[in-house]
Amino acid sequence: MTYWFQDPAIKGLLPLATSTSIKGLTTFFNMPALVIGSNCLAEAFMPQPSIIDIFNTRCTTRRSFFVTDAFSEKFAKKLFHVLDAAGFTTFIWNKALPEAPIDNVKECAEEMKKFEPDMIFAVGGGSVIDTAKAAWVLYERPDITDLGQINPLGLLGLRKKAGLVAVPTTSGTGSECTMAAVLHDPETHRKVPIANGDLFPDLALLDPEFTMTMPPRLTAGTGLDALAHAVDGIMTPASNDLTDAMGLRAIKLIFKYLPRAYRNGRDREARFRMHIAATMAGACFGQNSCAVTHGFGHAVGGLFGIHHGMAVGMFIPYALQCYRPVTEKFLDICEVMRIDTGSPDNRFEALLSAMRAILNDLNVPLSFQGLGIDEKGFFAQMEEMVTFAIEDIDTFFSPRPLTRKQSEKILECAYYGHDIDF
Ligand SMILES: [Fe+2]
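Reading guide: rules and limits
- Residues numbered from 1 in each chain as written.
- Predicted model: local features only at pLDDT ≥ 70, side-chain atom pairs only at ≥ 80, totals over all residues.
- Heavy atoms only, no water.
- Helix = DSSP H or I, 4+ residues; strand = E, 2+ residues; numbered from the N terminus.
- Expected span 1.5 Å × (residues − 1).
- Buried < 20%, exposed > 50% of the residue type's maximum accessible area, 1.4 Å probe, protein only.
- Contact = heavy atoms within 4.5 Å.
- Donors = N, O, S within 2.8 Å, 3.2 Å for Na, K, Ca; no water.
- Tetrahedral: all angles 85-135°; square planar, octahedral: opposite > 155°, others 65-115°.
- Axes fitted to C-alpha atoms, helices over the stretch in contact; angles between N-to-C directions.
- Parallel < 35°, antiparallel > 145°, perpendicular 65-115°, else oblique.
- Nonpolar A, V, L, I, M, F, W, Y, C, P; charged D, E, K, R; others polar.
- Pairing = 2+ DSSP bridges.
- Domains from an automatic or database assignment.
- Buried area = accessible area lost by both parts, 1.4 Å probe.
- Salt bridge = Lys/Arg side-chain N within 4 Å of Asp/Glu carboxyl O.
- Polar contact = N/O pair within 3.5 Å; in protein donor to acceptor, adjacent residues only side chain to side chain.

Structural notes on helix α4 (residues 73–85)
Alright, step 1. For α4, which comprises 13 residues, the first-to-last C-alpha distance of 18 Å matches the rise-based estimate of 18 Å (1.5 Å per residue) to within 8%.
Alright, step 2. Residues of α4 that are buried: Glu73, Phe75, Ala76, Leu79, Phe80, Val82 and Leu83.
Alright, step 3. Residues of α4 that are buried in the fold lie against α3 (51–58), β2 (63–67), β3 (89–93), β4 (119–124), β5 (163–168) and β8 (203–206).
Alright, step 4. With its phi angle positive at about 90°, Gly87 sits one or two positions after the end of α4.

What to know about the coordination of the iron ion
Alright, step 1. Binding of the iron ion to the protein goes through Asp225 (OD), His229 (NE2), His294 (NE2) and His308 (NE2), at separations of 2.2 Å.
Alright, step 2. Taken together, the four donor atoms coordinating the iron ion and their angles of 83 to 169° define a geometry best described as irregular.
Alright, step 3. Of note, the donors binding the iron ion are all from one chain and are spaced D-x3-H-x64-H-x13-H. With Asp225 and His229 both in helix α7 (residues 216–235) and four residues apart, this pair spans about one turn of that helix. Per residue, the accessibility class of Asp225 equals that of His229, and both read buried.

Overview of the packing of α7 against helix α12 (residues 316–323)
Alright, step 1. Running from amino to carboxyl end, α7 crosses α12 at an angle of 10°, the nearest separation of the two axes being 11 Å. Judged by the angle between their axes, α7 and α12 are roughly parallel. Contacts from Leu224, Leu227, Ala228, Val231, Asp232 and Met235 in α7 reach Ile316, Leu320 and Tyr323 in α12.
Alright, step 2. Among the residues forming the contact of α7 with α12, the class breakdown is eight nonpolar, no polar and one charged.

A look at the sheet that holds β3
Alright, step 1. Strand order across the open sheet formed by six strands is β1-β8-β5-β4-β2-β3, with parallel pairing between neighbours. Each end of this open sheet is capped by a strand with a single partner; those strands are β1 (33–36) and β3. Recorded for the sheet is a direction-independent mean angle of 20° between the axes of neighbouring strands.

Notes on the pairing of strand β7 (residues 190–195)
Along any regular strand the residues' side chains alternate between the sheet's two faces.
Alright, step 1. Where burial is concerned, most of β7 is hidden: six out of the six residues are buried.
Alright, step 2. Residues Arg190, Val192 and Ile194 line one face of β7 and the alternating positions Lys191, Pro193 and Ala195 line the opposite face, and both faces are buried.
Alright, step 3. In terms of strand pairing, strand β6 (residues 180–185) meets β7 through six bridges, oriented antiparallel. Pairing of Asp185 across the sheet is with Arg190, part of β7.

What to know about the domain arrangement of the protein chain
It is common to report an interface's size as the accessible area lost on association of the parts.
Alright, step 1. With domains assigned, the protein chain is organised as domain 1 (18–211) and domain 2 (216–416).
Alright, step 2. Placing the centre of domain 1 and that of domain 2 at their C-alpha centroids yields a distance of 25 Å.
Alright, step 3. Both faces considered, domain 1 and domain 2 share a buried interface measuring about 2700 Å² in area, 62% of it formed by carbon and sulfur atoms.
Alright, step 4. Its largest share of buried area at the contact with domain 2, domain 1 owes to Phe29, Ser171 and Arg190, together 21% of the area lost on that side.
Alright, step 5. There are one salt bridge connecting domain 1 and domain 2.
Alright, step 6. For Glu209, the salt bridge is made with Arg268, and the minimal N-O distance between the two is 2.8 Å.
Alright, step 7. The tally of links from domain 1 across to domain 2 stands at seven residue pairs in polar contact (both at pLDDT 80 or more).
Alright, step 8. Those elements that provide at least two residues to the side of domain 1 that touches domain 2 are α2 (20–25), β1 and β7.
Alright, step 9. Ranked by residues supplied to the side of domain 1 that touches domain 2, first place goes to β7 with three residues.
Alright, step 10. Residue classes in the side of domain 1 that touches domain 2 are distributed as 13 nonpolar, 14 polar and six charged.

Structure, rendered in structure tokens:
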């Protein structure tokens, strides 16, 4: 089984699409239209256009297909009722699974083909939105049989049959405003990121009420995912001024509101601001990519069954240490965090301490040993982890190219909680 990110020709062409010099000539900044706030689904009269006004202009057959899972179905039903009352024909598919397994995506696409929607609604966390994106591809492009080949070069030509509305019920994935989806291949136990400029949703509904019942552990994991998106999205050489603005503001909001949302899930202000922060972090990395947090987080998380956000969040301090010798871009992050005195080395250490402190606040260990991963089991998988991490497309966007030996060292440090010293 090979995937698009293992193809050297595609990898060779990617820098042309992302290098600063080319971006200086042409930069795309894609975002869905955003509708934000607790009144997103208001059925009563509102002074501004309602979401139904938007769908009335965009939907010709008025057939709406909902992708959701057992947990988020209650939220999907709220939107379902709003559309149903407005005369739309609706169908809820509630069988999306965690991590978006490819077989599950195909099952969803088959139902979509039978129903023939002109608008697809993804209501749920990242896996649900990613399932909807991939199923949407199969619905629009029945000629595509291998999802593992969907890459950022060229456009898929979607939207001939339907548009996509993303309604996140967690605050972290950012999938509502990215061109990517991460699937799981149960045959190879690999995370399979797919990406294409056509996969940006048309609209994202950001209703913080949907996040109020997230348990603390999920709040921490998804929030750390957003933090990793922002940090890597800023640190990658593929960043630009627009993505930096989104990422830096997201980091400021996450440091202020994630611990509050974790401690008290009913803190409405914290939930609201985290929902916006997650979307901003998504917009930051969604134009280009993440880097080491995700490349290595995917490798370890996929093999040891660790929640995506938890795995990538734990790599933040190690990723920053890894980038330190080749860039001082971290100083931009220090500035928004008001770590603005002392030498660059002193500020870097203060930034690392702040990152470790937020992990501590969220009761997330600083090492995979601390997470309870068996030592023998971890090192027995080292070869495979290194291969997965190096081949991961996110690692390709790291500001620092990494050898196998260095990658092994990063994994070893992350296991024991040691500093990276190369
Ligand atoms: Fe992520």
